[in-house]
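The chain contents come next:
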Amino acid sequence: MAFHEIRFPANLSFGSVGGPERRTEIVTLTNGFEERNTPWAHSRRHYDAGVGLRSLDDVERLIAFFEARGGELHGFRWKDWADYKSCPASRATAYDDQYIGIGDGVTKAFQLSKTYSSGGVDYVRPIAKPVEGSVLVGLQGDARAELVDFEVDATTGTVTFYDAPPEGARVTAGFEFDVPVRFDTDRIQVSVQSFQAGDLPQVPVVEVRI
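Here is a short report on the structure shown in this document.

Bringing the overall build of the protein chain into the picture now. Assigned secondary structure in the protein chain consists of three helices and 17 strands. Its C-alpha atoms give the protein chain principal-axis dimensions of about 65 × 55 × 35 Å. Considering the protein chain as a whole, with its 210 residues, one finds that 38% of them fall into the buried category. For the protein chain, the exposed area adds up to about 11700 Å²; of that, 50% sits on carbon and sulfur atoms. Measuring between centres, the 22 positive side-chain charges of the protein chain sit 2 Å from its 31 negative side-chain charges.

In structure tokens form, the structure reads like this:
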């Protein structure tokens with residue numbers, strides 16, 4: 001089992017259907033009230049890669065990608081077109097999009113993350129697979145230069161400063177990112193006749209924890 005640092009063809013994922021899943025355990029008490037709990041700190045995303053297929057050439061590319069990943073065996077990158085940037089889809093990324101930490105004069109490494117806010121509640125999602133070359137970093141409101149002030153590990157989402165940010169300094173970042181996933185099936189069934197008639201194969205993809 002391994003993770004392949006390769007992205008599923010973005011033009012095929014463009015038309016996919018999917019999104020986050022939460023797991024909630026609900027117990028209804030005898031008085032009619034409920035107790036709700038969740039064993040998951042983070043959501044898990046699911047997608048259907050088959051929806052984006054438009055031609056038999058696309059099917060061939062899908063099968064080649066599936067075989068090279070060994071079916072469910074190896075993970076890979078997935079571009080979620082509905083959520084792939086540190087900012088709203090209509091904006092360009094900027095170094096101050098997301099707050100990712102505060103300096104203490106000692107810590108050099110900071111994990112990329114994206115915060116989702118609604119109704120006064122924040123959810124912080126760790127970002128482990130940033131797109132290489134897309135990460136912008138700021139310190140105390142000023143942009144910093146990659147390979148001059150910091151470096152990025154695109155396989156883990158870790159930003160490492162060459163010099164530790166001073167105590168109290170806000171660290172921010174902007175970036176594009178992929179979702180780490182694997183195929184959620186070891187079988188792909190395709191009928192050329194059915195495909196030409198508009199019947200698309202189901203190719204489930206599920207997010208993996210890394």
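Having put the structure on the table, let's press on.
Further remarks concern the packing of aromatic side chains. Summed over the entire model, instances satisfying the criterion amount to 15 aromatic pairs. Aromatic side chains Phe14 and Trp81 sit 5.0 Å apart centroid to centroid with 85° between the ring planes, which places their arrangement in the edge-to-face category. With a gap of 67 residues between them, Phe14 in the loop between α1 (10–13) and β2 (17–21) and Trp81 in the loop between β6 (75–78) and β7 (98–102) connect regions that are remote in the sequence. Under the relative-accessibility criterion, Trp81 is labelled partly exposed at 31%. With centroids separated by 4.9 Å and ring planes inclined at 45°, the aromatic side chains of Phe76 and Phe183 adopt a geometry described as tilted. Taken together, the residues span a long stretch of sequence, with Phe76 in strand β6 and Phe183 in strand β16 (residues 179–183) at a distance of 107 residues. For the pair Phe76 and Phe183, one class covers both residues: buried. Cluster of aromatic residues (ring-pair linked, three or more members): Phe8, Tyr47, Phe65, Phe66, Phe76, Trp78 and Phe183. The cationic tip of Arg69 hangs over the ring face of Phe65; the distance from NZ or CZ to the ring centre is 4.6 Å. A cation over a ring is seen here: Arg209 above Trp40, with NZ or CZ 5.4 Å from the ring centre.

Among the nonpolar cores identified, the biggest contains 17 residues, and Phe8, Leu62, Phe76, Trp78, Val181, Phe183 and Val205 are the most heavily contacted of them. For this core, the secondary structure elements donating two or more residues are α2 (56–68), β6 and β16. For this core, the element with the highest residue contribution is α2, accounting for four residues. Once residues lying within four places of it in the same chain are set aside, the contact partners of Val205 are Arg45, His46, Tyr47, Ala49, Phe76, Trp78, Val181, Arg182, Phe183 and Asp184. Ile100, Phe110, Ile127 and Phe161 belong to the second largest nonpolar core, which has 15 residues in total.

To continue, consider the environment of Thr24. With respect to the secondary-structure elements, Thr24 resides in the loop between β2 and β3 (25–28). Accessibility expressed as a relative area gives 48% for Thr24, which makes it partly exposed. Considering only alpha carbons, one finds Thr24 and Thr38, 14 residues apart in sequence, at a separation of 4.7 Å. For Thr24, the residues in contact, after removing those within four places along its chain, are Arg36 and Asn37.

Across a sheet, paired strands are connected by hydrogen bonds in the backbone, their directions being either parallel or antiparallel. Read across the open sheet, the four strands follow the order β7-β15-β11-β12; overall the sheet is antiparallel. The sheet terminates laterally at β7 and β12 (142–144), the two strands that pair on one side only. Across the sheet, the mean angle from the axis of one strand to that of its neighbour is 35°, orientation sign disregarded.

The rules we used
Residues numbered from 1 in each chain as written. Predicted model: local features only at pLDDT ≥ 70, side-chain atom pairs only at ≥ 80, totals over all residues. Heavy atoms only, no water. Helix = DSSP H or I, 4+ residues; strand = E, 2+ residues; numbered from the N terminus. Buried < 20%, exposed > 50% of the residue type's maximum accessible area, 1.4 Å probe, protein only. Areas by Shrake-Rupley, 256 points an atom, 1.4 Å probe, with all protein chains shown as cover. Lys, Arg positive; Asp, Glu negative; His and termini not counted. Charge placed at Lys NZ, Arg CZ, Asp CG, Glu CD. Phe/Tyr/Trp six-rings, centres within 6.5 Å; stacked < 30°, edge-to-face > 60°. Lys NZ or Arg CZ within 6 Å of the ring centre and 35° of its normal. Core = buried A, V, L, I, M, F, W, Y, C linked by side-chain atoms within 4.5 Å. Contact = heavy atoms within 4.5 Å. Pairing = 2+ DSSP bridges. Axes fitted to C-alpha atoms, helices over the stretch in contact; angles between N-to-C directions.

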